[in-house]
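These are the residues of each chain, in order.
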Amino acid sequence: MDELELIECAMKARKMAYAPYSNYLVGAALYTKDGKVFTGCNIENASYGATCCAERTAVFKAVSEGSSQIAAIAIVGGSRDQELSYAFPCGVCRQVLREFGDPKEMTVIVAKTMTDFKRYTLEELLPDSFGPDFNA
Ligand code: THU
């Protein structure tokens, strides 16, 4: 699974976004260390606070299926019927990702198109973080 395939999977997942309130549609696709791909979209709710981001949908699908070591995640997002913007993961999603991989190793890709994307480590997006190693 290369980065471009992962971006493609995120774009496909974005088509399933349920975002009638914000009309901001997000898709995510992650690759686990055991070689599986899990995708997710944002799922909004009439009670706005019950909304789940695309990244967390994908992470919770992976962990609930027994794959909890994330190697890379690709994220695509943008307003309905507009060009994609760089959809950076929110703070909560960064912290959730922190739980399931080494922040120095985990790759986070934020893509507008297949040729226009940025690549970070999770550590770059969430420096000096708190993680499971602190609770041992
Ligand atoms: N959203 C995500 O899916 N991921 C993020 O990291 C940021 C925000 C969603 C939540 C909500 O449905 C919409 O984008 C607007 O905030």
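Each remark here, short or long, concerns the structure printed above.
Residues numbered from 1 in each chain as written. Predicted model: local features only at pLDDT ≥ 70, side-chain atom pairs only at ≥ 80, totals over all residues. Heavy atoms only, no water.

Asker: What should I look at first to understand the overall build of the protein in this one?
Answerer: Within the protein, the regular secondary structure consists of 4 helices and 5 strands. Reading the helices (α) and strands (β) of the protein from amino to carboxyl end gives α-β-β-α-β-α-β-β-α. Taking 2.2 N^0.38 as the reference for a compact globule, 136 residues should give roughly 14 Å; the C-alpha atoms of the protein span a radius of gyration of 14 Å, in line with that estimate. In terms of overall dimensions, the protein has a C-alpha envelope of 45 × 35 × 30 Å along the principal axes. The burial tally for the protein puts 43% of its 136 residues in the buried class. (Helix = DSSP H or I, 4+ residues; strand = E, 2+ residues; numbered from the N terminus. Rg over C-alpha atoms; globule rule 2.2 N^0.38 Å. Buried < 20%, exposed > 50% of the residue type's maximum accessible area, 1.4 Å probe, protein only.)

Asker: Looking at this structure, I do not really get the sheet that holds strand β4 (residues 107-111). What am I missing?
Answerer: What links the strands of a sheet is backbone hydrogen bonding, and the strands pair in either a parallel or an antiparallel sense. Read across the sheet, 5 strands follow the order β2-β1-β3-β4-β5 without closing on themselves; strand pairing throughout is mixed. Edge strands, defined here as strands with exactly one partner in the open sheet, are β2 (37-41) and β5 (117-121). Across the sheet, the mean angle from the axis of one strand to that of its neighbour is 15 degrees, orientation sign disregarded. Direction of pairing for strand β1 (residues 24-32) relative to strand β3 (residues 70-79): antiparallel, over a ladder of 9 bridges. Paired with Ala28 across the strands is Ile75, a residue of β3. (Pairing = 2+ DSSP bridges. Axes fitted to C-alpha atoms, helices over the stretch in contact; angles between N-to-C directions.)

Asker: Sorry, what's going on with the pairing of β1 here?
Answerer: Side chains on a regular strand alternate between the two faces of the sheet. With 7 of its 9 residues buried, β1 lies for the most part within the structure. As consecutive antiparallel partners, β1 and β2 are separated by 4 residues, and within that stretch Gly35 has a phi angle of approximately 85 degrees, a positive value.

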